[in-house]
Amino acid sequence: MELSKRLKFIAKHIDKCKSIADIGTDHGYVPLIALERELCEKAIACDINKDPLDKARLNAVLEGIGDELEFRLGGGFEPLNISEANEVVIAGMGGNLIRDVLEADMEKVKSVDYLILVPAQNPEVLREYLYKNNYEIIKEDLCLDEGIYYELFKVRSAEGQTTELDSIYYEISPILLRSKHSLMKDFLQNKIDEYNKILGFITEATVSANKRREEIKEKISIITSMLNYL
């Protein structure tokens, strides 16, 4: 089984347990890795669409995996029972969608030991939600795969665990910044480059355009100061 850097990155954060579930499993690679590495006794691959589950079933046959991997059709946590999975992985969705999946089934979310969340887009939306809505941030990590940065959140539900951050720190992880993660310099420079590109597209002289321009310049200044810290 050929694994991408991102998949290896996700697997690295799975702790040994009895059961894991992978929501939005796609080809079923995450539960297959977990079973092959004996990180769990049982795995559940969930997807809202039938075609990815069929592909996951085929991959399980090719890898010699049997009844220890279940396949369930349905969206979000809907196919899972309360406390059925010790760990839940949600990867490949946007940060907005992951947030909505969590919000839709809080009773099941609270029954999980922890979640591994790896948004494909808008990680800042998910980070803000997690910090403000009773989640303990166990760990954050960063991976670069084929030119794309992926941010990982290892969290669990924790009543009363809320934190309000300055808005820039929803874009830039304070945890990864403090730890001086090995990829942070390149990650921050990439952010600066992206904002400079956006600046180049703002050519109007309207009040709203000028305001947007100043907001982006301020972000570039803050991120540059973060670079100097590293």
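The present account deals with the structure reproduced in this document.

Here is what the cut-offs are and how they apply
- Residues numbered from 1 in each chain as written.
- Predicted model: local features only at pLDDT ≥ 70, side-chain atom pairs only at ≥ 80, totals over all residues.
- Heavy atoms only, no water.
- Pairing = 2+ DSSP bridges.
- Helix = DSSP H or I, 4+ residues; strand = E, 2+ residues; numbered from the N terminus.
- Axes fitted to C-alpha atoms, helices over the stretch in contact; angles between N-to-C directions.
- Contact = heavy atoms within 4.5 Å.

**Here's the deal with the sheet that holds strand β1 (residues 19-23)**
Stage number 1. Taken together, seven strands build an open sheet; the order of strands is β3-β2-β1-β4-β5-β7-β6 and the sheet is mixed. The strands lining the two open edges of the sheet, one partner per strand, are β3 (69-73) and β6 (135-145). When strand polarity is set aside, the average angle formed by the axes of neighbouring strands in this sheet is 15°.
Stage number 2. As paired strands, strand β5 (residues 114-118) and strand β7 (residues 148-157) are joined by three bridges and run antiparallel to one another. Directly across from Leu117, in β7, lies its bridge partner Phe153.
Stage number 3. Each of β4 (87-91), β5 and β6 is contacted by helix α4 (residues 95-104), which is oriented at about 155° to β5, the strand it contacts most.

**Observations concerning the side chain of Lys154**
Stage number 1. Within the secondary structure, Lys154 is located in strand β7.
Stage number 2. Those residues within four positions of Lys154 in sequence are excluded, and the remaining contacts are His13, Asp15, Tyr114, Leu115, Ile116, Glu136, Ile137, Ile138 and Lys139.

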